[in-house]
Every structure is written in structure tokens, then in C-alpha cells.
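Here is how the chains run, residue by residue.
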Amino acid sequence: LRHTHKQIAWHCTHLLRHDDHSKPLILISKKATRGGTEVFVYSKDQHALFATVVAELDRRNLNVHDAQVMSSKDGYVLDTFMVLDQHGNVIEEGRHKAVIKHLVHVLKDGRPTKIKTRRIPRKLQHFKVKTQVDFLPTKSKKRTLMEFVALDTPGLLATVGATFADLGVHLHAAKITTIGERAEDLFIITSDNGGKLTEEEELQLRAELIENVAKLAP
């Protein structure tokens, strides 16, 4: 439901040819999709996988402006990231092989990528977007829905992912949206024991996110 029929056909064609499911499958679209380059990640789920992928993309000076994060019932992730280079353009085809190689390497390595410190673009230095972390009511008794709003600075998603990993928060689904200079994201998460976050855990997560994002501010 979240993808076009062409995207689904593209994913499935490669998934059917992917014999070794212990290895990650990374696809990068040759044509622009929704204003960016699509990076598709299929992998056995692992600790801090989201944090690892977004930190590695950030390390390659690629900005995620839209993403769909999904988990299958058999323990795999099917994540789609819409990315642009540091100049706001689609990724040049000549870079595709290297990006795929680095992503496969960090996912097989299993260790989260260190977040790279990047300068705040001049155009963002004049904007002020207050970081907001809200936990929305949901019918689910097992999962927590978190809304996150912040200034879309370099390293933002990597910082969010690293904060989740540090606190043992598991990410099950996400909708990442960038509107101008503003990031508006939704995350479906669980605590380290696999259940809904307690009020105390919510307060801790909110405080850590706000503090860590503040370090990125211009």
C-alpha cells in the first residue's frame, strides 16, 4: 500500500533472485523517484539496523528526505529511503556501487556507524524549529507511537537512530517526512523488553532526543 506497483515489481524481481537471505540486499534506483534516489534495504533485522543505515548514508553525505521503515513477521526489514546528495541532487549512477558496498559492509559488520559531524548548511542557520517529541494515543497495548518534529539538520536521523539504540528502543515502523527545513517523523517503537514504553521510559527518551538534537543545532 505504501509503494507504487513499479516499486513493488522492482523489489520483488530482485528479492526472488536473492538466494542467500543471510546477506543484506541493497537496491538503488537509476531513475529519480518522488524527487530523489530510492535506496531499498532488505535484511535480517538486527540491533540498531536503522541507526546503522542512516548513519552510513549520512557518512556518504547523503540526506534522507523521506523513508518507509517496515518489519516482516519473519524477522526481516524492508526499508525504503529517498535520498539526495549534499547539493540536493539525485545520487550519480557512478556512486551507486560504492554506496551499496558500504551499506552491505556495515550491515554485515553489525556495529553501528559513527555519526559524522557535518556543518549546518547556511540556508538552515536562519531557521528555528523547536524540537518536539510527543507520544500519541494508540489502540495497541504492545507498541508506542511517537511523533517527532525538528529542524532538518545533517545527521538528524542518524542521531535519532543512535538514541534509540543507546536506550534499547526497538523500531518497528517509521514514516520520515521532510517539509522544507522541517522534519516531521512518526515512529512505532517498543521498549527493550518488547512492550509498550512506560511513562518513565517515554520521559527519558524525550529528554535524550531533545538533548542530542540540540548538539546538532547551529
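What counts, and at which threshold
- Residues numbered from 1 in each chain as written.
- Predicted model: local features only at pLDDT ≥ 70, side-chain atom pairs only at ≥ 80, totals over all residues.
- Heavy atoms only, no water.
- Helix = DSSP H or I, 4+ residues; strand = E, 2+ residues; numbered from the N terminus.
- Polar contact = N/O pair within 3.5 Å; in protein donor to acceptor, adjacent residues only side chain to side chain.
- Contact = heavy atoms within 4.5 Å.
- Axes fitted to C-alpha atoms, helices over the stretch in contact; angles between N-to-C directions.
- Parallel < 35°, antiparallel > 145°, perpendicular 65-115°, else oblique.
- Left-handed = near helix turned anticlockwise from the far one by under 90°.
- Nonpolar A, V, L, I, M, F, W, Y, C, P; charged D, E, K, R; others polar.
- Buried < 20%, exposed > 50% of the residue type's maximum accessible area, 1.4 Å probe, protein only.
- Pairing = 2+ DSSP bridges.
- Expected span 1.5 Å × (residues − 1).
- Arc of directions from axis to C-beta.
- Core = buried A, V, L, I, M, F, W, Y, C linked by side-chain atoms within 4.5 Å.

Colleague: How should I be thinking about the side chain of Glu38 in this particular structure?
Modeller: By secondary structure assignment, the location of Glu38 is in strand E2 (residues 37-44). A distance of 3.0 Å separates polar atoms of two side chains, one belonging to Glu38 and the other to Gln7. Of the polar contacts made by the side chain of Glu38, one reaches the side chain of His11; its length is 2.8 Å. When residues no more than four places from it in sequence are discounted, the contact partners of Glu38 are Gln7, Trp10, His11, Leu27, Ile28, Ser29, Thr33, Thr80, Phe81 and Met82.

Colleague: Is there a simple way to explain the packing of helix H2 (residues 49-59) against helix H4 (residues 156-166) in this structure?
Modeller: Working note: a packed helix pair is described by the angle between its axes plus the distance between those axes. The contact between H2 and H4 brings their axes to 8 Å, and the two run at 155 degrees. Here H2 lies roughly antiparallel to H4, going by the angle between them. Crossing geometry of H2 relative to H4 is assigned as left-handed. Between H2, through Phe50, Ala51, Val54 and Ala55, and H4, the contact on the second element is made entirely by Leu157, Ala158, Gly161 and Ala162. Considered class by class, the residues forming the contact of H2 with H4 number seven nonpolar, one polar and no charged.

Colleague: Looking at this model, I keep getting lost on the pairing of strand E6 (residues 144-151). Mind explaining?
Modeller: In summary, the side chains of a regular strand alternate between the two faces of the sheet. Most of E6 is tucked away, with six of its eight residues classed as buried. Sheet analysis places strand E5 (residues 132-136) next to E6, joined by five bridges and oriented antiparallel. Paired with Phe135 across the two strands is Met146, which belongs to E6. Here E6 pairs with strand E8 (residues 182-190) via eight bridges, running antiparallel. Among the inter-strand pairings, Leu145 is bridged to a residue of E8, identified as Ile188.

Colleague: What am I meant to see in helix H5 (residues 199-214) here?
Modeller: Think of an α-helix as 3.6 residues a turn; residues three or four steps apart then line up on the same face. Look at H5: 23 Å from first C-alpha to last across 16 residues, which is about the 22 Å you get at 1.5 Å a residue. Here H5 has its buried residues at Glu202, Leu205, Leu209, Asn212 and Val213. Summarising the axial view, the buried residues of H5 lie within an arc of 110 degrees, below the 170-degree limit, and thus occupy one face. Looking at H5, the residues exposed on the side facing more than 90 degrees away from the buried face are Glu199, Glu200 and Ala214.

Colleague: Quick question: what am I supposed to make of the packing of H4 against H5 here?
Modeller: Where H4 contacts H5, the two axes come as close as 10 Å, and the packing angle between them is 145 degrees. Of the two possible hands of crossing, H4 and H5 adopt the one that is right-handed. Contacts between H4 and H5 pair Leu156, Thr159, Val160, Thr163 and Phe164 from the former with Leu205, Glu208, Leu209, Asn212 and Val213 from the latter. Broken down by class, the residue content of the contact of H4 with H5 amounts to six nonpolar, three polar and one charged.

Colleague: How should I be thinking about the nonpolar core in this particular structure?
Modeller: Soluble globular proteins tend to pack their nonpolar side chains together in the buried interior. By size, the foremost hydrophobic cluster in this structure holds 43 residues, and its most contacted members are Phe81, Met146, Phe148 and Phe187. Broken down by element, the residue count for this core peaks at six residues, all from H2. Those residues in contact with Phe187 that sit more than four places away from it in its chain are Phe50, Thr144, Leu145, Met146, Phe148, Leu157, Val160, Phe164, Leu171, Ala173, Ala174 and Ile176. One finds Leu15, Leu27, Tyr42 and Tyr76 within the second-largest nonpolar core, a separate group that totals six residues.

That is the geometry; function is a separate question.
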